[in-house]
Amino acid sequence: MNLEKIEILERTLKRERAARKAAEKILEDKSRELYLLSEELQETNLKLENLLDEKSSELKGVFENILDAYVVMDLSGNVLKFNDAATALFGYDVTKEKLNVLNLIYEEDEVYAMTSFGELKTKGFFKNYEARVITKSKEIKWVHINASIIFDRNNLPIAAQGIVRDITHLKLLEEQKKQILNKLEKSNEELYEYAHVVSHDLKSPLRTIDALLSWIKADNLEKFDSETVQNIELIEKTVENMDSLISDILSYSSADFAAEEVDVNLNKVLQNIKTTLFIPTNITLSISPNLPIVKGDSTKFQQLFQNLISNAIKFNDKEEGLIEIDFIEEPTFYQFSVKDNGLGIEKEFHEKIFKVFQSLTKREDSTGIGLSIVKKIVDLYKGNIWLESTPNVGTTFYFTIKK
């Protein structure tokens, strides 16, 4: 072998050694990286295991200690898990006996239950399910349930879970409330009928007394002295006041009876009041244009506005009286105002005036019932009423009516 070939072989061998050394260096570096990564992965896995154990413990605590019953079942309705509250509610120990939720359904609610279960499978959940169940001891209870489907990591349904609340006591209270309201409604109707009968029975003798007084006065006018005539006129006035009082009491007793609700055009109601109510020439009644159309009984709204306007007229001592009716519209209600420039009302009487027979003056034409009727009608339509007033300056009554 000549010298040239030997040199070529030596150079080739040198390159192979250098390449092997570089490869060994790369392999060593990668091995070190893999070792460090392995150590890091082991540490991360340990942390994840600890975290999983911690979360599992927390979930187990929630499962066991939740106040409502918690149920897990397979998609065929077989119960897989009960918490303690569910065991107490239904009476079954699912760790010792098998149970399908079909065995818990009250017979009359089966169709509703199967419809809801179908909704659970289709939509993946249902809310506010209320029905009756039968416990192991054959006790019937009302329950409220919210349920949802449990999915695996591939988003396939594997089970269902539900929160079950015992609402038996609430249902009993609702039934009792319904019975009480029915009795109250019947009593109110009987009271309303009785008020009509009493009103008729009381007004008949008053009309007789009034007629007899008129005859006596007409037949003996020349025989009576002025004092006797004055006394007879006083009796006539008293009879007239008694008649007004009976009418007002009847109106008060019927103020919270709602007729069928219809659209009521308040513009027409106020125009009707304006043409039928006596308004002195010194008083100006100003009504806002385009009053709203509300739902209710037109007779009730006529009573409401007429009583407020009548009061404003009665208790106005100004040479130029003014009564202004206005409203503002809010998102859920209308707010009305009846403003006058009359006597005004001291703040200490702002609550008292809405009570029946509470009148701040001794006027012969005031029975003290008008504002109590107004309050009952506003209450009937779930509104509020209040006033702002300055003595000797005037009063503004405000009230709201729901849309």
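For the structure itself, look to the data block above.
Treat the numbers as computed from the prediction; the structure is a model and nothing was measured. (Residues numbered from 1 in each chain as written. Predicted model: local features only at pLDDT ≥ 70, side-chain atom pairs only at ≥ 80, totals over all residues. Heavy atoms only, no water.)

Digging into the pairing of strand S12 (residues 394-402)
Where burial is concerned, most of S12 is hidden: eight out of the nine residues are buried. Here strand S10 (residues 333-340) pairs with S12 via eight bridges, running antiparallel. Counterpart to Ser337 in the pairing with S12 is Tyr398. Two strands pair when backbone bridges link them, and strand S11 (residues 385-390) and S12 are joined in this way by six bridges, in the antiparallel orientation. Bridge assignment links Thr390 to a residue of S12, and that residue is Gly394. Between S11 and S12, which pair antiparallel and follow one another directly, the connecting turn spans three residues, one of which, Asn392, has a positive phi of 70 degrees. (Buried < 20%, exposed > 50% of the residue type's maximum accessible area, 1.4 Å probe, protein only. Helix = DSSP H or I, 4+ residues; strand = E, 2+ residues; numbered from the N terminus. Pairing = 2+ DSSP bridges.)

Section: the pairing of strand S1 (residues 69-73)
Among the five residues in S1, five count as buried, and that is most of the element. What you see with S1 is no split at all: Ala69, Val71 and Met73 on one side and Tyr70 and Val72 on the other are buried throughout. With three bridges joining them, S1 and strand S2 (residues 79-82) adopt antiparallel strand pairing. Paired with Val71 across the strands is Phe82, a residue of S2. What sits between the antiparallel neighbours S1 and S2 is a turn of five residues, in which Gly77 has the positive phi angle 95 degrees.

A closer look at the environment of Leu102
Mapped onto the secondary structure, Leu102 falls in the loop between helix H2 (84-90) and helix H3 (110-123). Here the alpha-carbon distance between Leu102 and Ser76, two residues 26 residues apart in the chain, equals 9.6 Å.

Details of the sheet that holds S12
Strand order in this open sheet of five strands is S7-S9-S10-S12-S11, and the pairing throughout is mixed. A single partner strand is all that each edge strand has here, and the edge strands are strand S7 (283-287) and S11. When strand polarity is set aside, the average angle formed by the axes of neighbouring strands in this sheet is 15 degrees. (Axes fitted to C-alpha atoms, helices over the stretch in contact; angles between N-to-C directions.)

Things to note about unusual backbone geometry
In this structure, Asn290 is a non-glycine residue whose phi angle is positive, near 60 degrees. Structurally, Asn290 is set in the loop between S7 and strand S8 (293-296). Phi is positive for Lys382, close to 55 degrees, though the residue is something other than glycine. Here Lys382 lies in the loop between helix H8 (370-380) and S11. Its relative accessible area of 63% is what places Lys382 among the exposed residues.

Side note on the pattern of salt bridges
Summed over all chains, the structure comprises 13 salt bridges. Ionic pairing is found between Lys171 and Glu174, a salt bridge with its closest N-O pair at 3.8 Å. Taken together, the residues span about one helical turn, with Lys171 and Glu174 both in helix H4 (residues 168-220) at a distance of three residues. Between Glu329 and Lys403 there is a salt bridge whose closest N-O contact spans 2.7 Å. Taken as a pair, Glu329 in strand S9 (residues 321-329) and Lys403 in the segment after S12 lie far apart in primary sequence, 74 residues in all. Judged by its relative accessible area of 47%, Lys403 falls in the partly exposed class. Where salt bridges share partners, they join Glu108, Asp109 and Arg132 into one cluster. (Salt bridge = Lys/Arg side-chain N within 4 Å of Asp/Glu carboxyl O.)

Without other data, these values stay purely geometric and don't point to any function.
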